[in-house]
Amino acid sequence: MAFDVVIKNGMVIDGSGGPAYAADVAIQDGRIAALGRVNEKGKRTIDAEGHVVSPGFVDGHTHMDAQVFWDPIGSCSCYHGVTSVVMGNCGFTLAPCKQEDADLVFRNLERAEDLSRDAMLEGIDWSWESFPEFLDAVQALPKGINYAGYIGHSALRTYVMGERAFTDEADEDDVKRMQQLVKEAMYAGAIGFSTSRTLNHITADDRPVASRLAHWDEVRAIVNAVGETGKGIFEIAGEAPGRDPERIREYHTRLRDLAVESGVTQTWGMFSIRVAPDFWRPYFDLLDETAAAGGRMFAQVHSRALNTLLSFESHTPFDKWELWSEIRQLPLAEQQARLADPQLKARLVEIANRKYTGPRVVGAEPRPPQWDFVYPMSDMSYDVPSMAELAAQRDVNPVELMIDMALERDMKMFFRQPIANENQDHVLEMMKHPRSAVTFSDSGAHVAQIMDSSLQTHLLSYWVREKRALTLEEAIRQITYNTATLWGLHDRGLLRAGMAADVVIFDPDTIGARMPEIVHDLPAGAKRLKQTANGILHTLVNGEVVLSDNEYSGATPGQLLRS
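Read on for a plain summary of the structure. (Residues numbered from 1 in each chain as written. Predicted model: local features only at pLDDT ≥ 70, side-chain atom pairs only at ≥ 80, totals over all residues. Heavy atoms only, no water.)

## Focus: the overall build of the chain
Consideration 1: For the chain, the count of helices and strands is 17 helices and 24 strands.
Consideration 2: Its C-alpha atoms give the chain a radius of gyration of 24 Å, within 12% of the compact-globule value 24 Å for 563 residues.
Consideration 3: Here the C-alpha coordinates of the chain stretch approximately 75 × 60 × 45 Å along the principal axes.
Consideration 4: Per-residue burial for the chain yields a buried fraction of 61% across its 563 residues.
Consideration 5: Relative to all contacts within the chain whose residues are 6 or more apart in sequence, the contacts with residues 24 or more apart total 76%.
Consideration 6: About 21,400 Å² of surface is accessible on the chain, with carbon and sulfur atoms providing 47% of the total. (Helix = DSSP H or I, 4+ residues; strand = E, 2+ residues; numbered from the N terminus. Rg over C-alpha atoms; globule rule 2.2 N^0.38 Å. Buried < 20%, exposed > 50% of the residue type's maximum accessible area, 1.4 Å probe, protein only. Contact = heavy atoms within 4.5 Å. Areas by Shrake-Rupley, 256 points an atom, 1.4 Å probe, with all protein chains shown as cover.)

## Comments concerning the layout of surface pockets
Consideration 1: Approximately 1,300 Å³ is the volume attributed to the largest pocket.
Consideration 2: Counting only elements with at least two residues in the lining of the largest pocket, the list comes to β10 (233–237), β11 (265–269) and β15 (414–420).
Consideration 3: With four residues, the top contributor of residues to the lining of the largest pocket is β15.
Consideration 4: Partitioning the lining of the largest pocket into residue classes produces 26 nonpolar, twelve polar and seven charged. (1 Å grid on protein atoms, 1.4 Å probe; cavity = no way out; pocket = protein on both sides within 12 Å on 5 of 7 lines; lining within 4 Å. Points joined across faces, edges and corners; volume = space filled by probe spheres on them. Nonpolar A, V, L, I, M, F, W, Y, C, P; charged D, E, K, R; others polar.)

## Observations regarding the nonpolar core
Consideration 1: Counting 114 residues, the largest nonpolar core has L94, F134, W268 and F506 as its most contacted members.
Consideration 2: With residues near it in sequence (within four places) discarded, F134 still touches D65, F69, M87, L94, A95 and W128.
Consideration 3: A352, V374, A406 and M411 belong to the second largest nonpolar core, which has 28 residues in total. (Core = buried A, V, L, I, M, F, W, Y, C linked by side-chain atoms within 4.5 Å.)

## With respect to the packing of aromatic side chains
Consideration 1: A full pass over the atoms with the stated rule returns 18 aromatic pairs.
Consideration 2: Aromatic side chains F69 and W128 sit 5.2 Å apart centroid to centroid with 25° between the ring planes, which places their arrangement in the stacked category. Residue F69 is found in the loop between β6 (57–59) and β7 (82–87), and its partner W128 is found in the loop between α2 (117–123) and α3 (131–140); the two are separated by 59 residues along the sequence.
Consideration 3: Among the residues examined, F69 registers a relative accessible area of 14% and is labelled buried. (Phe/Tyr/Trp six-rings, centres within 6.5 Å; stacked < 30°, edge-to-face > 60°.)

## Looking at helix α13 (residues 398–408)
Consideration 1: Along α13, the residues classified as buried are P398, V399, L401, M402, I403, M405 and A406.
Consideration 2: Residues of α13 that are buried sit in contact with α9 (324–328), α10 (332–339), α11 (342–352), β14 (375–377), α12 (387–394) and β15.
Consideration 3: With a side-chain oxygen positioned 2.8 Å from the backbone nitrogen of V399, the residue opening α13 is N397.
Consideration 4: Within two residues after α13, D410 carries a phi angle of roughly 55°, on the positive side. (Polar contact = N/O pair within 3.5 Å; in protein donor to acceptor, adjacent residues only side chain to side chain.)

## Concerning the pairing of strand β1 (residues 3–12)
Within a regular beta strand, the side chains point alternately toward one face of the sheet and then the other, so they alternate between its two faces.
Consideration 1: Counted residue by residue, β1 has seven buried out of ten residues, so it is predominantly covered.
Consideration 2: Where β1 lies against strand β4 (residues 42–47), five bridges are found, and the strand directions are parallel. If you follow I7 over to β4, its bridge partner there is I46.
Consideration 3: Alignment of β1 against strand β2 (residues 21–28), held across six bridges, turns out to be antiparallel. Bridging from a neighbouring strand, I7 pairs with V25 of β2. (Pairing = 2+ DSSP bridges.)

## Here's the deal with the sheet that holds β14
Consideration 1: Taken in spatial order, the three strands make up an open sheet running β13-β15-β14, and their pairing is antiparallel. Edge positions in the sheet fall to β13 (306–310) and β14, since each of these pairs with one other strand and no more. Strand-to-strand, the axes of this sheet are offset by a mean angle of 40°, without reference to chain direction.
Consideration 2: As paired strands, β14 and β15 are joined by three bridges and run antiparallel to one another. (Axes fitted to C-alpha atoms, helices over the stretch in contact; angles between N-to-C directions.)

## Structural notes on the sheet that holds strand β12 (residues 297–301)
Consideration 1: A sheet is described by the order of its strands in space; here eight strands give the open sequence β6-β7-β8-β9-β10-β11-β12-β16, paired in parallel fashion. For this open sheet the edge positions go to β6 and β16 (436–438), each flanked by a neighbour on one side alone. Adjacent strand axes in the sheet meet at a mean angle of 25°, parallel and antiparallel pairs treated alike.

## Overview of the packing of helix α4 (residues 153–161) against helix α5 (residues 172–188)
Consideration 1: For the pair α4 and α5, interaxial distance at closest approach is 10 Å and the crossing angle is 125°. Classified by the interaxial angle, the pair formed by α4 and α5 is oblique. Taken as a pair, α4 and α5 cross one another with a handedness that is right-handed. For the pair α4 and α5, contact is made by H153, L156, R157, Y159, V160 and M161 and by D174, R177, M178 and L181, respectively.
Consideration 2: The residue makeup of the contact of α4 with α5, split by class, is six nonpolar, one polar and three charged. (Parallel < 35°, antiparallel > 145°, perpendicular 65-115°, else oblique. Left-handed = near helix turned anticlockwise from the far one by under 90°.)

On their own, these measurements won't tell you what the molecule is for.
Here it is, written out as structure tokens:
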């Protein structure tokens, strides 16, 4: 009897961190059936000569809760070898929630995660109220990749408290109800519980998202309820204690003590920032301290700078400024014509160089640039001169240079503006820490502002191939076995007989992100950034080919991954 798929002649890197080895891989009924020399035929045979065969990549930090209803393949993560994602991070989920109260969860999502309200209204077929019903709805959807999901604090809070969730502390009955619902969600298969306490997460009308109103005792009570179920992850978009050592220590003590008393694995994202270059180090010390105290905690880290992408096709830092706002409301072709006028350009440059006095910049929103930390993206080269350096070489103002470079490329020009992780030595150090996970794409959120769905291919192209700072085996382990294991996806992340057949076949000499582009393919015609990859021959999910050279096969083998 023939296998369903046989992958021949590839170089297997199995996710364990062990050395690559030449082998065939046989797949049957969605599982790895054999590795080694496979003489039996397959109903489909894939020649992987010259390619690496690895487990599918696991993305532990996405916001695809709405996107899954209109995009079965999980783009753009899927284009970069990702076969399983965890959604519902930072407390932002669509359940529990009644359909008539959808505005409550939209309010939390719309600005904090830059999700189009019109796209959500048009693209979501609402068929649930409880979180278990939401999971059932996701399970019933045709899916190209696998999805797991947290129950989010903001949605939980608004479901229990209604409008009071945006103004009040929870009372005792509110907290008890939230504890009951989070346990119900965990028993139904939620991957864990997530919350946000960061100042960056606000609503469209500049109020804190619902979870930020919670007293720490409320968070503690809910996480301890998760602990009673004996499973799950607690993910937190953390507080901002500033640089006061006493406040930082008090916050760290709360995190540590909660991890220990609840028994729930805790995770949060961490970046280096240039204004406080060593701010991240005590957080990494906390990981070891928590482990020594008997708790489990890991940091989510990125493979590069956290970048906002600026362009005239999407956003510039000056879109709401005087005169700029008038120009930016015009059709792009008309903007292009107007910007070619030297007098108008000089006026725009003068305005853009004034001191910023506008509204507060939140999260990944474009911000007034420091041109020493803005980089042109004429291709995917990462180590390039800044706009300040290039402007000095040409003896022009950086704003004028930005306009000229956009005009030279028919307005299809991106500029990369890091908002964190500017120091790449720190990035590498964080990735190598034994209690970190290389993830945090935010895929599904900030879709017209950032494009970090390519962090996995950047890891393989930049840190492995270009910098040789990691071996291919080390890097693949980071984004397969490590991530799968930390989130409890124990049948994924390794190529072993009996494991789920999530497989990526790629050329290590060419794998890497392609240039992003602006597309208008969201429901209601909303725009987003799209980025595909070079060098990935095939991506298989549960034994079926879902993508071949970025082209979707139409297969829907993806599963809901319940805890």
